[in-house]
Amino acid sequence: MRTHATYIKRCIEIAKKGLGTTAPNPMVGSIIVHNDEIIGEGYTSAYGGNHAEVNAINSVENKELLKDATLYVTLEPCSHFGKTPPCSDLIIKHQIANVVIGCIDDNPEVSGKGIAKLIAAGRHVTVGVLETECKRHHKRFFIFHNKKRPYIILKWAETADGFVAPLQKDEKKPVWITNKFSRQLVHKWRAEEQAILIGTNTVLEDNPSLTAREWTGKNPTRVVIDQELKLSKEHSVFNTDAETLVISDQNVDFKNPLAKQIATLLHSKAINSVIIEGGAKTLQTFIDENLWDEARVFTGPTTFKNGIKAPEFIGKLISEEKIIDDTLHIYVNN
């Protein structure tokens, strides 16, 4: 017989299918089990659509089985009206006997209220199964609500001798350090997060478009630091492929710590994750203010001998992966 943990693990697996589409809602996974057999599965639809529990319930062919079933879900079912009705109400309506929850929702509109509603309706509720794993899965959502900022991912590529760019170059386009497979992976990441941020110098030097054009998925909101609004609208970051938010003297104070102000501004716009893909100066700004959660660092086989040094930081290495002749290291901020 399978355990609660086995089923919650499955919930986490299917929840990941919502990565890049559910934000700012959490990407929740839910399954329904009857007599140790999964009879329904669902994950959160794109923002504004059904929540995971709704999709799981809708997928059950014989609704009569629900009265003797157990619903598993990574995050506490909502209890309030948003863009959709409360999931806890639907669970009660279908008389689902048992509910197993990975972790409590920290959103003040929910936080324990969904559980209380289910218990008041006579449902048997179990909370905290694979809680650590579920909280890790919902890291963007929890950072957004608990720290009032987006989940911040630093990303850069450096040469084998530790440089991110040459001191000079002949053309206004990137000098590639990594191979095409690593670059495609970056486009996948862009499609998974809500925003991507760069500084003025990166726009001037590389003229990037910051889209996910080499991957299937949505383009992130582009965030460009342009203190004096001197960038031309002819630059690719201002094309119509995606929305662009400009950080300037008009919305932040450059005399005070910048990263915190940017994080607060993005939070106010309901952006719950951002990739910092700027140059060394922009990346170091977030590192120095200790405002980052994850760093994804590519090391290519090329050398520059001199150039702009890679950012300096301290993090915990959680994975190392070879991508042909590149190496990807992923760190988390302790």
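Treat the numbers as computed from the prediction; the structure is a model and nothing was measured. (Residues numbered from 1 in each chain as written. Predicted model: local features only at pLDDT ≥ 70, side-chain atom pairs only at ≥ 80, totals over all residues. Heavy atoms only, no water.)

(A) Summary view of the overall build of the protein chain. Counting its regular elements, the protein chain contains 10 helices and 15 strands. For 334 residues, the compact-globule estimate of 2.2 N^0.38 gives 20 Å, and the protein chain sits close to it at 22 Å. Considering only C-alpha atoms, the protein chain reaches an extent of 70 × 45 × 35 Å along its principal axes. A sequence separation of at least 24 residues applies to 71% of the contacts in the protein chain between residues at least 6 apart. (Helix = DSSP H or I, 4+ residues; strand = E, 2+ residues; numbered from the N terminus. Rg over C-alpha atoms; globule rule 2.2 N^0.38 Å. Contact = heavy atoms within 4.5 Å.)

(B) Here's a closer look at the nonpolar core. Within the largest apolar cluster, 38 residues are counted, with the highest numbers of intra-cluster contacts made by Ile-8, Ile-31, Ile-32, Ile-57, Leu-71, Tyr-72 and Ile-91. Within the residue set of this core, elements represented by two or more residues are α1 (4-15), β1 (29-34), α2 (52-58), β3 (70-75), α3 (87-93), β4 (98-103), α4 (113-120) and α6 (139-147). The leading source of residues in this core is α1, at 5 residues. Setting aside residues no more than four positions away along its own chain, Leu-71 makes contact with Ser-30, Ile-31, Ile-32, Glu-53, Ile-57, Ile-91, Ile-96, Asn-98, Val-99 and Val-100. By size, the runner-up hydrophobic cluster in this structure holds 30 residues, among which are Ile-225, Val-252, Val-274 and Tyr-331. (Core = buried A, V, L, I, M, F, W, Y, C linked by side-chain atoms within 4.5 Å. Buried < 20%, exposed > 50% of the residue type's maximum accessible area, 1.4 Å probe, protein only.)

(C) Examining the domain arrangement of the protein chain more closely. As far as domains go, the protein chain holds domain 1 (4-143) and domain 2 (150-332). For domain 1 and domain 2, the distance between their C-alpha centroids amounts to 34 Å. On the domain 2 side, the residues contacting the 7 residues of domain 1 number 13 residues. Both faces combined, the contact of domain 1 with domain 2 buries some 860 Å², and carbon together with sulfur accounts for 55% of it. When residues of domain 1 are sorted by the area they lose upon contact with domain 2, Gly-20, Arg-140 and Ile-143 head the list and together hold 55% of the total. Summed over the shared surface of domain 1 and domain 2, the number is 2 salt bridges. Linking Glu-193 and Arg-140 is a salt bridge whose minimum nitrogen-to-oxygen distance equals 2.8 Å. One can count 2 residue pairs in polar contact (both at pLDDT 80 or more) joining domain 1 with domain 2. For the side of domain 1 that touches domain 2, the per-class residue count stands at 4 nonpolar, 1 polar and 2 charged. (Domains from an automatic or database assignment. Buried area = accessible area lost by both parts, 1.4 Å probe. Salt bridge = Lys/Arg side-chain N within 4 Å of Asp/Glu carboxyl O. Polar contact = N/O pair within 3.5 Å; in protein donor to acceptor, adjacent residues only side chain to side chain. Nonpolar A, V, L, I, M, F, W, Y, C, P; charged D, E, K, R; others polar.)

(D) Examining the sheet that holds strand β14 (residues 316-323) more closely. A sheet is described by the order of its strands in space; here 8 strands give the open sequence β10-β9-β8-β11-β6-β12-β15-β14, paired in mixed fashion. Of all strands in the sheet, those with a lone pairing partner are β10 (244-247) and β14, marking the two edges. Shown here is a sheet whose adjacent strand axes are inclined to one another by a mean of 20 degrees, direction ignored. Across the face of the sheet, α6 comes into contact with β6 (151-158), β11 (273-276) and β12 (294-299) while running at roughly 120 degrees to β6. Sheet strands touched by helix α9 (residues 258-268): β6, β8 (195-198), β9 (221-225), β10 and β11. Its angle to β10, the strand with the most contacts, is close to 145 degrees. (Pairing = 2+ DSSP bridges. Axes fitted to C-alpha atoms, helices over the stretch in contact; angles between N-to-C directions.)

(E) Structural detail: the UniProt feature "active site" (unreviewed entry) in the protein chain. UniProt records the feature "active site" (unreviewed entry) at Glu-53, using the numbering of this structure. Within the secondary structure, Glu-53 is located in helix α2. Discounting chain neighbours no more than four positions away, the residues touching Glu-53 are Ser-30, Leu-71, Val-73, Leu-75, Pro-77, Cys-78 and Cys-87. (UniProt positions renumbered as here; feature names shortened; annotations may be inferred.)

(F) Representation of the state of the cysteines within the structure. In the structure shown here, the tally under the stated rule is 0 disulfides. A disulfide-free cysteine, Cys-103 has its sulfur positioned 5.1 Å from the sulfur of Cys-134, the nearest such atom. When its relative accessible area of 0% is taken as the criterion, Cys-103 is described as buried. Note on Cys-134: relative accessible area 0%, which makes it buried. (Disulfide = S-S within 2.5 Å.)

(G) View of empty space enclosed by the protein. Scanning all chains against the criterion turns up 1 cavity of 30 Å³ or more. Counted as a void, the largest cavity has a volume near 130 Å³. Taken together, 19 residues form the lining of the largest cavity, with Thr-22, Ala-23, Met-27, Arg-140 and Asn-272 sitting closest to its centre. Among the elements that take part in the lining of the largest cavity, α6 stands out by supplying 3 residues, more than any other. Across the lining of the largest cavity, the residue classes tally to 5 nonpolar, 9 polar and 5 charged. (1 Å grid on protein atoms, 1.4 Å probe; cavity = no way out; pocket = protein on both sides within 12 Å on 5 of 7 lines; lining within 4 Å. Points joined across faces, edges and corners; volume = space filled by probe spheres on them.)

(H) The arrangement of the pairing of β9 in detail. The element β9 is largely enclosed, with a buried count of 5 among its 5 residues. Here β9 shows two buried faces, one formed by Thr-221, Val-223 and Ile-225 and the other by Arg-222 and Val-224. Pairing between β8 and β9: 4 bridges, direction parallel. Note on β9: the bridge partner recorded for Ile-196 is Arg-222. One crossover worth recording links β8 to the parallel β9 by way of helix α8 (residues 200-206), and it is right-handed. (Right-handed = clockwise from strand over helix to strand, strands pointing away.)

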